[in-house]
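Observations on the three-dimensional arrangement
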Amino acid sequence: MPEYPEYLAAALFAAGGVVNALLAPHRFSTAVLFCLAVTSAGLGLAVRSAADFPATATVLAVAALLLALALGLLLLADGVLLVRRYGPQAALLATAAAGCAVLAVLGLDAVFHAVGGETFGAFVIAVNAAAGHLSLLFLVFAGYVLVRGRATAPPGTTHVVVLGAGLDGDRPGPLLTRRLERALAIDAARTPDTPRAVFVVSGGQGDDEVRSEADAMADYLRGRGVPADRIVREDRSVNTGQNLRFSAALVDGTTPGPRATVVTSGFHVYRTTLLARRAGVPVHVVGAPTSPAYWLAATLREYAAVLWLDRLRLVGLSLLLAVPVATAVFAR
């Protein structure tokens, strides 16, 4: 066995991430592999420096503790504030629960520090490795959301597809209003020699909605001066995949070589792009701004949705974390 198997595992994960990035850069599994590499290296550093470099191990432990504590408290506080403002919605409760889970791991570490034990120590290492990997992956995802959500529409856009979101009574809610305003800004930014864009408003009627989201969006755009002949309604879809497929069918054949830009919320850009690629829909996706108070909860929800979307591959990759965990346990 190599003298430092955790570092070997980290190198193999990193190499896999490079290959995956070259072959399929859009896959989330690329981020998973790189995060596995960092987690494996961190395990080796933590376990081996504890004996050889105790001062370094203490500094790293305190830094990791403070980062985890900050993340846990932020998630918990954000979830509680949003539940108080909007009521006990599943996504908001999940944000608070995620914060509690992070804090629970820290509590487990405190208990181990107090009571010790070989078997308990192995369990604590495994829990910390899994929690660290998922937390690091979330931070990477959040960084991507911040960057990708600010992408601009390509020149020559002929159709702007606006994905539906919740209504406020019979009108677009704040989230959907921001998407519509971003769509209007894309059309307003066109060059003088470019034809005006056609707006495709996409969204059916939910069980708790008094009308379809497409109808509400069409009325909003008309109120902002967009003529009815430049608005196409897609009012059958009930999820993002259907939004994309049904809207693409409406766009195809309307103009020679149509170039469509999809507008959604910034936190939703990555998953929308993945679904568009899987459906074979050639679109560019841009994001609209989100309320800062809601951004963290929405990003966490999207993170969970992306993990679920590619669950078989990601679970298989994440199980490989057992290798560096096992070597770290035996190296103690």
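Conventions used here
- Residues numbered from 1 in each chain as written.
- Predicted model: local features only at pLDDT ≥ 70, side-chain atom pairs only at ≥ 80, totals over all residues.
- Heavy atoms only, no water.
- Salt bridge = Lys/Arg side-chain N within 4 Å of Asp/Glu carboxyl O.
- Buried < 20%, exposed > 50% of the residue type's maximum accessible area, 1.4 Å probe, protein only.
- Helix = DSSP H or I, 4+ residues; strand = E, 2+ residues; numbered from the N terminus.
- Expected span 1.5 Å × (residues − 1).
- 1 Å grid on protein atoms, 1.4 Å probe; cavity = no way out; pocket = protein on both sides within 12 Å on 5 of 7 lines; lining within 4 Å.
- Points joined across faces, edges and corners; volume = space filled by probe spheres on them.
- Nonpolar A, V, L, I, M, F, W, Y, C, P; charged D, E, K, R; others polar.
- Pairing = 2+ DSSP bridges.
- pLDDT = per-residue confidence, 0-100.
- Core = buried A, V, L, I, M, F, W, Y, C linked by side-chain atoms within 4.5 Å.
- Contact = heavy atoms within 4.5 Å.
- Phe/Tyr/Trp six-rings, centres within 6.5 Å; stacked < 30°, edge-to-face > 60°.
- Lys NZ or Arg CZ within 6 Å of the ring centre and 35° of its normal.

Quick word on the pattern of salt bridges
Within this structure, the stated rule accounts for seven salt bridges. A salt bridge links R211 to D219; the nearest nitrogen and oxygen atoms lie 2.5 Å apart. A relative accessible area of 30% means that D219 is categorised as partly exposed. Close ionic contact of R233 with D215 constitutes a salt bridge, the shortest N to O distance being 2.5 Å. Placement of the pair is R233 in strand β5 (residues 231–234) and D215 in helix α7 (residues 213–223), with a sequence separation of 18 residues. With a relative accessible area of 37%, R233 lands in the partly exposed category. What emerges from the salt-bridge pattern is a single network uniting D187, R196 and R230.

A look at helix α6 (residues 174–188)
Compared with the 21 Å implied by 1.5 Å per residue over 15 residues, the 21 Å span of α6 between its first and last C-alpha is a close match. Among the residues making up α6, those that are buried are L176, R179, L180, R182, A183, L184, I186 and D187.

Details of the layout of surface pockets
Each pocket or cavity is described by its volume, and for the second largest pocket that value is around 530 Å³. Every residue lining the second largest pocket is counted, 26 residues in all, and those nearest its centre are G164, A165, E213, V238 and N239. Those elements giving two or more residues to the lining of the second largest pocket turn out to be α4 (90–115), α6, α8 (240–251) and α10 (292–309). Among the elements that take part in the lining of the second largest pocket, α10 stands out by supplying three residues, more than any other. Split into classes, the residues belonging to the lining of the second largest pocket amount to eight nonpolar, 12 polar and six charged.

Section: the pairing of β5
Regular strands place side chains that alternate from one sheet face to the opposite one. Pairing analysis gives four bridges linking strand β4 (residues 198–202) to β5, with the strands arranged parallel. Within β5, the residue paired with S202 across the bridge is E234.

Side note on the confidence of the model for the protein chain
For the protein chain, the average pLDDT comes to 83, and 90% of its residues sit at 70 or higher. Model confidence for the protein chain, summarised as mean pLDDT per element, is weakest for helix α12 (residues 322–330) at 65 and strongest for α7 at 93.

Some points on the nonpolar core
Among the nonpolar cores identified, the biggest contains 33 residues, and F28, L137, F141 and Y303 are the most heavily contacted of them. Contributing elements (two or more residues each) for this core: α1 (5–23), α2 (28–52), α3 (54–86), α5 (118–148), α9 (269–279) and α10. Take this core: its biggest share by element is eight residues, from α2. F141 has contacts with F28, Y270, T299, E302, Y303 and V306, leaving out every residue within four places of it along the chain. One finds L167, L184, A218 and L221 within the second-largest nonpolar core, a separate group that totals 21 residues.

Details of the packing of aromatic side chains
All chains considered together, the criterion is met by six aromatic pairs. With 6.0 Å between their ring centres and 90 degrees between their planes, F141 and Y270 make a pair best called edge-to-face. With a gap of 129 residues between them, F141 in helix α5 and Y270 in helix α9 connect regions that are remote in the sequence. Across the pair, Y270 and F141 agree in class, each one buried. Ring plane angle 45 degrees and centroid distance 5.9 Å describe the contact between F141 and Y303, whose orientation is recorded as tilted. Taken together, the residues span a long stretch of sequence, with F141 in helix α5 and Y303 in helix α10 at a distance of 162 residues. Each member of the pair, F141 as well as Y303, is classed as buried. Taken together, the aromatic side chains of F138, F141, Y144, Y270 and Y303 make up a single cluster linked through ring pairs. When the ring centre of F246 is taken as origin, the NZ or CZ atom of R236, which lies over that ring, is 4.0 Å away.

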